[in-house]
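# Report on the structure
Below, each chain spelled out in residue letters.
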Amino acid sequence: MSSSGIEKGVVTAELEPPRGNRSRFAFACAILASMTSIILGYDIGVMSGAAIFIKDDLKLSDVQLEILMGILNIYSLVGSGAAGRTSDWIGRRYTIVLAGAFFFCGALLMAFATNYPFIMVGRFVAGIGVGYAMMIAPVYTTEVAPATSRGFLSSFPEIFINIGILLGYVSNYFFSKLPEHLGWRFMLGVGAIPSVCLAIGVLAMPESPRWLVLQGRLGDAFKVLDKTSNTKEEAISRLNDIKRAAEIPEDMTDDVIVVPNRKSAGKGVWKDLLVQPTPAVRHILIACLGIHFSQQASGIDAVVLYSPTIFLKAGLKSKNDQLLATVAVGVVKTLFIIVGTCVVDRFGRRALLLTSMGGMFLSLTALGTSLTVIDRNPGQTLKWAIGLSVTTVMTFVATFSIGAGPVTWVYCSEIFPVRLRAQGASLGVMLNRLMSGIIGMTFLSLSKGLTIGGAFLLFAGVAAAAWVFFFTFLPETRGMPLEEMESLFGSYTANKKKNVTKEGKEMVEEH
């Protein structure tokens, strides 16, 4: 930070003309970090079609199949639980590399599996990578991105997950032409290729500036902030905000310092997060866990993992038609996730979440009703019910993708205080993966117990409850600097929430 000076103990710099839009560098960093999400999405999506052939080739029962489908998310709890401490220890960047390594090994193990236990070992290794990737990609992107584009850039992991899911569906369709014993192996094995690209691309990524500050590396943190800010003044302002949040005295301005408050470097985090949280931190934790629970408990992974089965129940009899319709689901999901990403900084997190969950409720209600009608009229071809079922699957994934999909990760990666962010975000990811695993491992049994229409009506009830939760508990965070985010929380009343949000906008304008 040789170009900086000291004024009243705060890092300052002489005024300089704007250097153009530096968000391109943050954009590139977000893309590279989100490569883990492509691999994650591919692992999720490809199993949807591969399961049809794995079941026949390895002679699996329905129970074995649904365990295979959903267990990835249960296994991911290992990675999610370790990701927060790992990223605080070795840094955000090398945690991304570690996630890629697990994906690479898991893909190869599954591709060469000769029996059910063997493929389950591959799922376990890949699941650890899933847990790491789902926590670290949004956290890294949030910490690198400036406040003005944080929502857009932090949505990248969700976009890339959906691109990966779509690639998995496309892979299902094309490799399904191969002999049964080879097709599913190629479907799973090619997932190792993006991991190699990730290992090469990460060499061009900087470390998170907020992690660097927590390690006392102020000079390195400033270099990263300088590359992602439009002016040096903006970079210095962001650095000073991070220092204040990390409780580093303003008069400590050397390139390398000893962080005086070791709690800020990862000590005592769990106590402040779970044992003795402040009212604001308690509210933040409830909001994070609630939004993650709602995202998965409303049934999105039932559609992502079991689309061919749903379309079979809806009246599409051939495997080719089922896989084509599944590809259409992937296309719709990806297109609308891009729409949601483009408008998250314009309309705000809260508005998109409420709109999304409302649309999901209507879609799930219509889907459950149409599937119930089809189920109660066996032997009849009810074209209107078939058309409604297929259409509402598409509208469900579309409404999910404009809000609940991307905003969950944006919201939960930005609301925690800097020293609680990694562990707080990892708790949310653990709950997310747990619910996803429960849905994936029980959907076939649930469909038999309640009928498939009844299962989706149950998901509709969850979506309705989630809408009420979002309306009551979640304040708007758009445009708020990360270091001032905590001021939005601590009150659950709508009137107070609006007032605090208004004050937050005024603080942003002052900056």
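Calculation notes
Numbering of residues begins from 1 in every chain and follows the order in which that chain's sequence is written. Per-residue local features are limited, in this predicted model, to residues with pLDDT of at least 70; the limit for side-chain atom pairs, both in listing and counting, is 80 or more; totals at the level of whole chains, interfaces and linings are taken over all residues. As a convention, hydrogens and water are excluded, and side-chain values are obtained from all of the structure's heavy atoms. Counting from the N terminus, the helices are the DSSP runs of H or I reaching at least four residues and the strands are the DSSP runs of E reaching at least two. What a helix should span is 1.5 Å times the count of its residues minus one. Here the bend at a residue is taken as the angle between two axes, fitted respectively to the seven residues that end there and the seven that start there. To sort residues, take the accessible area from a 1.4 Å probe on protein chains only and compare it with the maximum for the residue type: under 20% means buried, over 50% means exposed, and anything in between is partly exposed. Between N-to-C directions, angles span 0 to 180 degrees; the directions come from axes that are lines fitted to C-alpha atoms, helices contributing only their stretch in contact. Note: crossing handedness is left-handed where the near helix turns anticlockwise from the far helix by less than a right angle, and right-handed where it turns clockwise. The contact rule is simple, with two residues in contact once any of their heavy atoms fall within 4.5 Å. Here, a salt bridge means any side-chain nitrogen of Lys or Arg that lies within 4 Å of a carboxyl oxygen of Asp or Glu. Pairs were defined over the aromatic rings of Phe, Tyr and Trp, the Trp ring being its six-membered one, requiring ring centres within 6.5 Å. Orientation was assigned from the angle between planes: stacked under 30 degrees, edge-to-face over 60, tilted for the rest. For a ring to carry a charge above it, either NZ of a lysine or CZ of an arginine must fall within 6 Å of the ring centroid while also lying within 35 degrees of the normal to the ring plane. Definitions used throughout: a 1 Å grid over protein atoms alone; a cavity as a set of points that fits a 1.4 Å probe which cannot get out; a pocket as an open set with protein on both sides within 12 Å along at least five of seven lines; a lining residue as one with an atom within 4 Å of a point. Grid points are joined across faces, edges and corners, and a volume is the space filled by probe spheres set on the points. Under this grouping Gly is polar, as are all residues other than the nonpolar Ala, Val, Leu, Ile, Met, Phe, Trp, Tyr, Cys and Pro and the charged Asp, Glu, Lys and Arg. Put simply, angles under 35 degrees are roughly parallel, angles over 145 are roughly antiparallel, angles from 65 to 115 are roughly perpendicular, and the rest are oblique. Each residue gets a pLDDT score, which is the predictor's confidence in that residue and runs from 0 to 100. For patch building, the residue pool is restricted to those with more than 30% relative accessible area and no salt bridge; the joining distance is 9 Å between like charges and 5 Å between nonpolar side chains (Val, Leu, Ile, Met, Phe, Trp, Tyr). We get accessible surface area from the Shrake-Rupley algorithm with a probe of 1.4 Å; when it comes to residues, only the shown protein chains can shield them. In these notes, a set of buried Ala, Val, Leu, Ile, Met, Phe, Trp, Tyr and Cys residues joined through side-chain atoms within 4.5 Å is what counts as a nonpolar core.

### Quick look at helix α15 (residues 300–314)
Over its 15 residues, α15 runs only 17 Å from end to end, short of the ideal 21 Å by more than 12%, given 1.5 Å per residue. At Tyr306, α15 shows its largest kink, close to 85°, and the proline Pro308 lies no more than four residues downstream. In terms of burial, α15 is a largely internal element, 12 of the 15 residues being buried. Buried within α15 are the following residues: Ile300, Asp301, Ala302, Val303, Val304, Leu305, Tyr306, Ser307, Pro308, Ile310, Phe311 and Ala314. Remark: Gly315 follows α15 within two positions and exhibits a positive phi of approximately 120°.

### Comments concerning the packing of helix α2 (residues 35–57) against helix α5 (residues 116–144)
Relative orientation of the contacting elements α2 and α5 amounts to 150°, with a least axis distance of 9 Å. Handedness of the α2/α5 crossing: left-handed. Across the interface between the two elements, Thr36, Ser37, Leu40, Asp43, Met47 and Ile54 from α2 touch Ile119, Arg123, Ala126, Val130, Ala133, Met134 and Ala137 from α5.

### What about the pattern of salt bridges?
A full pass over the atoms with the stated rule returns 11 salt bridges. Among the salt bridges present, the one from Asp62 reaches Lys55, with a minimum N-O distance of 2.5 Å. Exposure remark for Lys55: the relative accessible area of 27% places this residue in the partly exposed category. Residue Arg217 pairs with Asp220 through a salt bridge whose shortest N-O separation is 3.1 Å. In this structure Arg217 comes out as partly exposed when scored by relative accessible area, which is 32%. For Asp220, a relative accessible area of 31% translates into the label partly exposed. Connected through shared salt-bridge partners, Asp88, Arg92, Glu143 and Arg421 make up one network.

### Considering the packing of aromatic side chains
Using the criterion set out here, one finds 12 aromatic pairs in the structure. The ring of Tyr173 carries the charged tip of Lys177 above its face, separated from the ring centre by 4.4 Å. The ring of Phe471 carries Arg350 above its face, with NZ or CZ at 5.1 Å from the centroid.

### Points about unusual backbone geometry
Not every positive phi belongs to a glycine, and Lys59 is a case in point at roughly 55°. Within the secondary structure layout, Lys59 lies in the loop between α2 and α3 (62–90). A residue is classified by how much of its surface remains accessible, and Lys59, at 65% relative accessible area, is exposed. Here the phi dihedral of Thr451 falls at roughly 75°; this positive angle occurs in a residue that is not glycine. Along the polypeptide, Thr451 turns up in the loop between α20 (421–450) and α21 (452–473). Residue classification places Thr451 among the partly exposed positions, given a relative accessible area of 31%.

### Some remarks on the layout of surface pockets
By rolling a water-sized probe across the atoms, one finds the places where empty space is left. In this model, the largest pocket occupies a volume close to 750 Å³. Residue lining of the largest pocket: 34 residues in total, with Pro308, Thr309, Leu312, Lys313 and Ala314 positioned closest to the centre. Every element with two or more residues in the lining of the largest pocket is listed here: α2, α3, α15, α16 (319–347), α17 (349–375) and α20. The element that contributes the greatest number of residues to the lining of the largest pocket is α15, accounting for 7 residues. Taken together, the residues of the lining of the largest pocket sort by class into 16 nonpolar, 10 polar and 8 charged.

### Here we look at the packing of helix α14 (residues 279–297) against α21
Interaxial distance between α14 and α21 falls to 9 Å at its minimum, and their mutual angle equals 155°. Classified by the angle between their axes, α14 and α21 sit roughly antiparallel to one another. In the packing of α14 onto α21, the handedness of the crossing is left-handed. Only Phe459, Val462, Ala466, Phe469, Phe470 and Phe473 of α21 make contact with α14, whose side of the interface consists of His283, Ile286, Ala287, Gly290, Ile291, Ser294 and Ala297. Along the lines of polarity and charge, the residues of the contact of α14 with α21 split into 10 nonpolar, 3 polar and no charged.

### Digging into empty space enclosed by the protein
Under the defined criterion, the tally for this structure stands at 6 cavities of 30 Å³ or more. Counted as a void, the largest cavity has a volume near 130 Å³. Along the wall of the largest cavity there are 14 residues; nearest its centre are Glu158, Ile161, Gln296, Asp301 and Arg433. Among the elements of the structure, α7 (156–175), α14 and α15 are those that each provide at least two residues to the lining of the largest cavity. Elements that contribute at least two residues to the lining of the second largest cavity include exactly α5, α19 (404–414) and α20. Considering every element that reaches the lining of the second largest cavity, the biggest residue donor is α5, with 4 residues. When grouped by side-chain class, the residues that make up the lining of the second largest cavity number 8 nonpolar, 2 polar and no charged.

### So, the side chain of Ser447
Tracing the backbone shows Ser447 in helix α20. Ignoring anything within four residues of it in the chain, the contact list for Ser447 reads Ile452 and Ala455.

### Remarks on the confidence of the model for the chain
Mean pLDDT for the chain: 83, with 90% of residues reaching 70 or above. Between residues 1–20, whose pLDDT stays under 50, and residues either more than four places distant or in other chains, the model counts 45 contacts. Every residue in residues 494–511 is under pLDDT 50, and counting partners more than four places away or in other chains gives 24 contacts.

### Some remarks on a nonpolar patch on the surface
Together, Phe104, Leu108, Phe112, Val196 and Ile200 make up an exposed nonpolar region whose accessible area comes to about 470 Å². Secondary structure elements with two or more residues in the nonpolar patch: α4 (92–111) and α9 (193–201). Positionally, Val196 belongs in helix α9. On the accessibility criterion, Val196 (41% relative accessible area) is partly exposed.

### Quick notes on the nonpolar core
In terms of nonpolar packing, the biggest core is built from 129 residues, with Ile54 and Phe456 touching the most fellow members. By residue number, the principal contributor to this core is α5, which donates 14 residues. If sequence neighbours within four positions are ignored, Phe456 has contacts with Val303, Ile310, Leu364, Leu367, Gly368, Leu371 and Phe443.

### Overview of the environment of Leu178
Tracing the sequence through the fold places Leu178 in the loop between α7 and α8 (180–189). Taking C-alpha positions, Leu178 is 34 Å from Ala455, a pair spaced 277 residues apart along the chain.

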